Amino acid sequence: MIYTKENLSSLDKIYRLNLINSITGYKPANLIGTKSKNYQSNLAIFSSVVHLGSNPALIGIITRPNTVPRHTYKNIIDTGYYTINHISKDNIKKAHYTSAKFKSNESEFEKCDLKEMYIDDFYAPYVEESEVKIGLKLIEKTVIKSNNTILIVGEIVTIIIENNLVDTDGSLKFENMDSVCISGLDSYYETKKLAKYPYAKKYELPNKW
Ligand SMILES: Cc1cc2nc3c(=O)[nH]c(=O)nc-3n(C[C@H](O)[C@H](O)[C@H](O)COP(=O)(O)O)c2cc1C
């Protein structure tokens, strides 16, 4: 099968959505926790979460265009704080349903049976059930002109994770965790560690592939 730009645009809308949404491979599965300036908590599943740099520690999320009210976006802009929380195997279904169109005065924490958790005086709620919880402060937003999606850049303020889930070199031990990943907008996968290699140097290529 070869898709071209022309026949992509003539594909059935849902087919194209599924194809393009899964074409980049597995995506991370996270819940974004926020609280409005009127103290209403909100939770939404996001797969467009991307590492932007480790010093300073920056994470980007992409939100859809503001053609309808977007509670996550509004809360982040209004308050400046949000959390990113890994989705674990036991909570896939609950996490998925946070994507339903709830009203601004309804909390997905309550509707989808996930526990909000507050740590120190951080304004935004974490998801208690998540093995990895990240607290972020908004530092920049950029509209992607091509389609009006918005890149929100956050600086990591806090990471909450059990000691035994972090390796001696700082990497997360995903093999000991229950975090899942996403394909498209509806499929959830678990993963298996296959290999770990040293930093690649061109003068130290393996003798044998
Ligand atoms: C698997 C999955 C991944 C999603 N990823 C994103 C995403 O990366 N960005 C986004 O804006 N919406 C994403 N959504 C849609 C939001 O979860 C949905 O629009 C939600 O209602 C937003 O809630 P809010 O208005 O409370 O922010 C995703 C939905 C699903 C099911």
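Turning our attention to the nonpolar core. By size, the foremost hydrophobic cluster in this structure holds 28 residues, and its most contacted members are Leu-31, Ile-32, Leu-43, Ala-44 and Tyr-82. When residues of this core are traced back to their parent elements, those giving at least two are β2 (30-35), β3 (41-46), α3 (71-79), β6 (81-86), β8 (126-127) and β9 (133-144). When near neighbours in sequence (up to four residues on either side) are disregarded, Leu-43 contacts Leu-31, Gly-33, Thr-98, Glu-108, Phe-109, Leu-114 and Val-127.

On to the pairing of strand β10 (residues 149-160). The sheet contact formed by strand β5 (residues 57-63) and β10 spans six bridges and is antiparallel. Counterpart to Leu-58 in the pairing with β10 is Glu-155. Both β9 and β10 contribute to a ladder of 11 bridges, which runs antiparallel. Of the residues in β10, the one forming a bridge with Thr-142 is Leu-151. Two successive antiparallel strands, β9 and β10, enclose a turn made up of four residues, where Asn-148 displays a positive phi of approximately 65 degrees.

This paragraph deals with the site of the ligand. Looking at the ligand, there are 17 residues lining it, with Ala-44, Ser-48, His-71, Thr-72 and Ser-99 nearest. Mapped onto the shell around the ligand, the elements with two or more residues apiece are β3, β5 and α3. The dominant element in the shell around the ligand, judged by the number of residues it contributes, is β3, at four residues. The residue inventory of the shell around the ligand, partitioned by class, reads six nonpolar, eight polar and three charged.

Okay, the sheet that holds β5 next. The antiparallel open sheet is built from seven strands, whose spatial order is β3-β2-β6-β9-β10-β5-β4. Across the chains shown, the open sheet's two edge strands, defined by having one partner strand only, are β3 and β4 (49-54). Averaged over all pairs of adjacent strands, the angle between their axes in this sheet comes to 35 degrees, without regard to strand direction. Across six bridges, β2 lies against β3 in antiparallel orientation. If you follow Thr-34 over to β3, its bridge partner there is Asn-42. With respect to the sheet, α3 is in contact with β2, β3, β5, β6, β9 and β10, its orientation differing from that of β2 by roughly 50 degrees.

Turning our attention to the environment of Asp-120. Mapped onto the elements of the fold, Asp-120 is located in the loop between β7 (116-117) and β8. Classification of Asp-120 as exposed rests on a count of 7 C-beta atoms within 10 Å. C-alpha separation for the pair Asp-120 and Tyr-197, spaced 77 residues apart in sequence, amounts to 38 Å.

Working note: non-glycine residues mostly have negative phi, and peptide bonds are mostly trans. Residue Pro-56 is bonded to the preceding Asn-55 through a cis peptide linkage, with omega at 5 degrees. Its location among the elements puts Pro-56 in the loop between β4 and β5. At Tyr-39, a residue that is not glycine, the phi angle is positive and equals roughly 70 degrees. Tracing the backbone shows Tyr-39 in the loop between β2 and β3.

Reading the values: the criteria
- Residues numbered from 1 in each chain as written.
- Predicted model: local features only at pLDDT ≥ 70, side-chain atom pairs only at ≥ 80, totals over all residues.
- Core = buried A, V, L, I, M, F, W, Y, C linked by C-beta atoms within 7 Å.
- Buried ≥ 20, exposed ≤ 12 C-beta atoms within 10 Å, placed from the backbone.
- Helix = DSSP H or I, 4+ residues; strand = E, 2+ residues; numbered from the N terminus.
- Contact = placed C-beta atoms within 7 Å.
- Pairing = 2+ DSSP bridges.
- Near = placed C-beta within 6 Å.
- Nonpolar A, V, L, I, M, F, W, Y, C, P; charged D, E, K, R; others polar.
- Axes fitted to C-alpha atoms, helices over the stretch in contact; angles between N-to-C directions.

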